[in-house]
Amino acid sequence: MIYKKLLFTVFLALYTLIIPISSSAAPLPPKPLENVSDFIASVNASANNPASVSEAPVAAGLSAGGKAESEILLSVSVELSTDPGNPTGFAVRAARTNWFKAGDLTEATLRISNLRRELLGKYQAPTNRWGFGAISHDISITDVRQFISESRTLHTSQASYRNMWSRATALGQWGAGWGLEEFRLDSASDIAPFLKAYVANQGTHSHAVPILGYWVFDRRPSEVVLPQGHMDQANLEWGTGLGSIEYIKLDYYHESYFLLSPVVSAGFGLSLGHIKGIGRDYSPLTKRYFGGGTGSVRGYEAGAIGPVDSSGAVTGANNKTAVTTELLWNAFNIGPTPVILSTFYDWGRYTAADFSVTNGATASSYGLGVSLPLGFGLVRFSFAKPQNNELRTQNFQFEARASWK
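Below is a summary of the structure that appears in this document.

With that settled, consider the overall build of the chain. When helices and strands are counted, the chain shows three helices and 17 strands. Residues classed as buried in the chain amount to 50% of the 405 residues present. A total accessible area of about 18,000 Å² is found for the chain, and carbon and sulfur atoms account for 62% of it.

Tracing the backbone shows S356 in the loop between strand 14 (337-351) and strand 15 (360-374). When the C-alpha positions of S356 and P193 are compared, they lie 9.2 Å apart, and in sequence the two are 163 residues distant. Contacts of S356, omitting those with residues within four sequence positions, involve P307, V308, D309 and T315.

Only one face of strand 8 (residues 205-208) is buried, namely the one carrying S206 and A208, since none of H205 and H207 on the opposite face is buried. Here strand 7 (residues 172-185) pairs with strand 8 via four bridges, running antiparallel. Residue pairing in the sheet places R184 in a bridge with H205 of strand 8.

Attention now moves to the packing of aromatic side chains. The full count for this structure, using the stated rule, is ten aromatic pairs. Ring pairing ties together the aromatic residues W130, F132, W165 and W174, which thus form one cluster. Over the aromatic face of W130 sits the side chain of R129, whose NZ or CZ is 5.7 Å from the ring centroid. Just above the ring of F344 sits the side chain of R298; from NZ or CZ to the centre is 3.7 Å.

Glancing now at unusual backbone geometry. For W130, which is not glycine, the phi torsion reads 55° and is therefore positive. Looking at the element boundaries, W130 is found in the loop between strand 4 (116-126) and strand 5 (134-147). Taking relative accessible area as the criterion, W130 reaches 66% and is therefore assigned exposed. Phi is positive for E223, close to 55°, though the residue is something other than glycine. Examined against the element boundaries, E223 turns out to sit in the loop between strand 9 (210-218) and strand 10 (229-239). Using a relative accessible area of 83% as the deciding quantity, one classes E223 as exposed.

Structurally, D251 can be placed in strand 11 (residues 247-261). Accessibility expressed as a relative area gives 9% for D251, which makes it buried. Within the local environment of D251, its side chain forms a polar contact with the side chain of Y289, the two groups lying 2.7 Å apart.

The next point concerns the nonpolar core. Counting 27 residues, the largest nonpolar core has I148, F194, L195, L285 and I305 as its most contacted members. Broken down by secondary-structure element, the contributors of at least two residues to this core are strand 7, helix 3 (193-202) and strand 15. No other element matches helix 3, which puts four residues into this core. Ignoring anything within four residues of it in the chain, the contact list for L285 reads L154, L185, F194, L195, Y198, F290 and T315.

Attention now goes to the pattern of salt bridges. Between side chains of opposite charge, a pair can form when the charged atoms approach closely. In this structure the tally under the stated criterion is 19 salt bridges. We note a salt bridge from E118 to R111, for which the minimum N-O separation is 2.8 Å. The pair formed by E118 and R111 is uniform in burial state, with each residue classed as buried. As a salt-bridge pair, E237 and K287 come within 2.7 Å of each other at their nearest N and O atoms. Highlighted residues: E237 in strand 10 and K287 in the loop between strand 12 (264-277) and strand 13 (319-334), separated in sequence by 50 residues. A cluster of three or more residues bridged by salt bridges with shared partners is formed by E79, R111, R116 and E118.

Let's shift gears to the environment of V297. In this fold, V297 is placed in the loop between strand 12 and strand 13. Excluding residues that lie within four positions of it along the chain, V297 makes contacts with G292, I305, D346, W347, G348, A363, S364 and S365.

Further remarks concern the pairing of strand 17 (residues 396-404). Summarising the sheet, strand 1 (residues 71-81) and strand 17 pair through six bridges and their orientation is antiparallel. Note that in strand 17 the partner of E79 across the bridge is R401.

Attention now moves to the side chain of S371. Here S371 lies in strand 15. We classify S371 as buried; its relative accessible area is 18%. Ignoring any residue separated from it by four or fewer positions in sequence, one finds S371 in contact with P338, V339, I340, V379 and R380.

Bringing a nonpolar patch on the surface into the picture now. Nonpolar side chains collect at one region of the surface, where V76, V78, L80, F90, F376 and W404 lie side by side and expose about 500 Å² of accessible area between them. Per element, the largest residue contribution to the nonpolar patch is three residues, and it comes from strand 1. Along the chain, W404 falls in strand 17.

Glancing now at helix 3. Looking at helix 3, one finds that the buried residues are F194, L195, Y198, V199 and Q202. Down the axis of helix 3, the buried side of the element spans an arc of 130°, and every buried residue falls inside it. Of the surrounding secondary structure, the elements contacted by the buried residues of helix 3 are strand 6 (153-169), strand 7 and strand 8. Immediately downstream of helix 3, the backbone of G203 shows phi near 80°, a positive value.

Thresholds applied
- Residues numbered from 1 in each chain as written.
- Predicted model: local features only at pLDDT ≥ 70, side-chain atom pairs only at ≥ 80, totals over all residues.
- Heavy atoms only, no water.
- Helix = DSSP H or I, 4+ residues; strand = E, 2+ residues; numbered from the N terminus.
- Buried < 20%, exposed > 50% of the residue type's maximum accessible area, 1.4 Å probe, protein only.
- Areas by Shrake-Rupley, 256 points an atom, 1.4 Å probe, with all protein chains shown as cover.
- Contact = heavy atoms within 4.5 Å.
- Pairing = 2+ DSSP bridges.
- Phe/Tyr/Trp six-rings, centres within 6.5 Å; stacked < 30°, edge-to-face > 60°.
- Lys NZ or Arg CZ within 6 Å of the ring centre and 35° of its normal.
- Polar contact = N/O pair within 3.5 Å; in protein donor to acceptor, adjacent residues only side chain to side chain.
- Core = buried A, V, L, I, M, F, W, Y, C linked by side-chain atoms within 4.5 Å.
- Salt bridge = Lys/Arg side-chain N within 4 Å of Asp/Glu carboxyl O.
- Patch = residues over 30% accessible without salt bridge, like charges linked within 9 Å, V, L, I, M, F, W, Y side chains within 5 Å.
- Arc of directions from axis to C-beta.

Here is the structure:
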């Protein structure tokens, strides 16, 4: 059972709490780019905009005597969307700052929806070891179902531990680390021909010991109504020979937005990804790219874009190129709430996969969007005209997040 791995990850988490970590004023590392291999990018549409945790909790928690005070945060979120089979979900997050060390952060998140169940734990703290400024430890257990055709779902589970060390420089933050991961295929292999071939080579269980690296250079101002500025992020993941499956995965994301007037901005985002099995291994199913949805090419169902096997099931791609361009207008305000209208053009190409009968799929769309950043969360609508009607399309897409603290 994959959940037995939790015992090992809990041991590693306890280890991280007792190792000596010296305090420093260095900021904590940003959250690495989420794996877009699972198509639930629509739930995490902002995953390409990693949020960093700065020294603010430390400064805010200082008492008159200069000692950091612990702060506790509990939040509950409700998520609504038009994703097929996944209309609702909720998340509970508990966090505590300055618990073991001044400037540290301990948090646990439980997210449940119809197609996804996820338990995340994190501990991160300042350090001054070996020239690094921060250290983070993450454990996660996920159980995901995703549509690979109109009626068939791919069911996978994953447990992982990751240890990252980071450093802030004038040219952004960079980090390196390692991890332990266990993958499990829970679907019957006969639901699609490509799964039969995959199981024959890799089995239903596999584990990986990846070496990790990332770089983030974020030049976007905070607390602005319209997006502006630039951001770059690159991720490297190498599944070494210490695991039962070897692979190499590279991801890059760039975002640029320009303020044309006080109420108008324009910009684009570019997302590139590549994964490849090493030797006789195939790329892990949980790390492949599935396109479509509000966080990808709008106008298509989540997971609908990619190579297919002989039965028409989407296999997940080894290569991804996705571009989005949009023009945003802060049309008016309803009280303190800005109403942002947009026009967009999305394009994506997802190619190359083991056991696919097509080289890939290309899809594009254009349309209009409305965003309402309300006090309790974000509501986003998009009305898209897809240009590839051979894929599973969805002209109207909706996403809402409400959070209470």
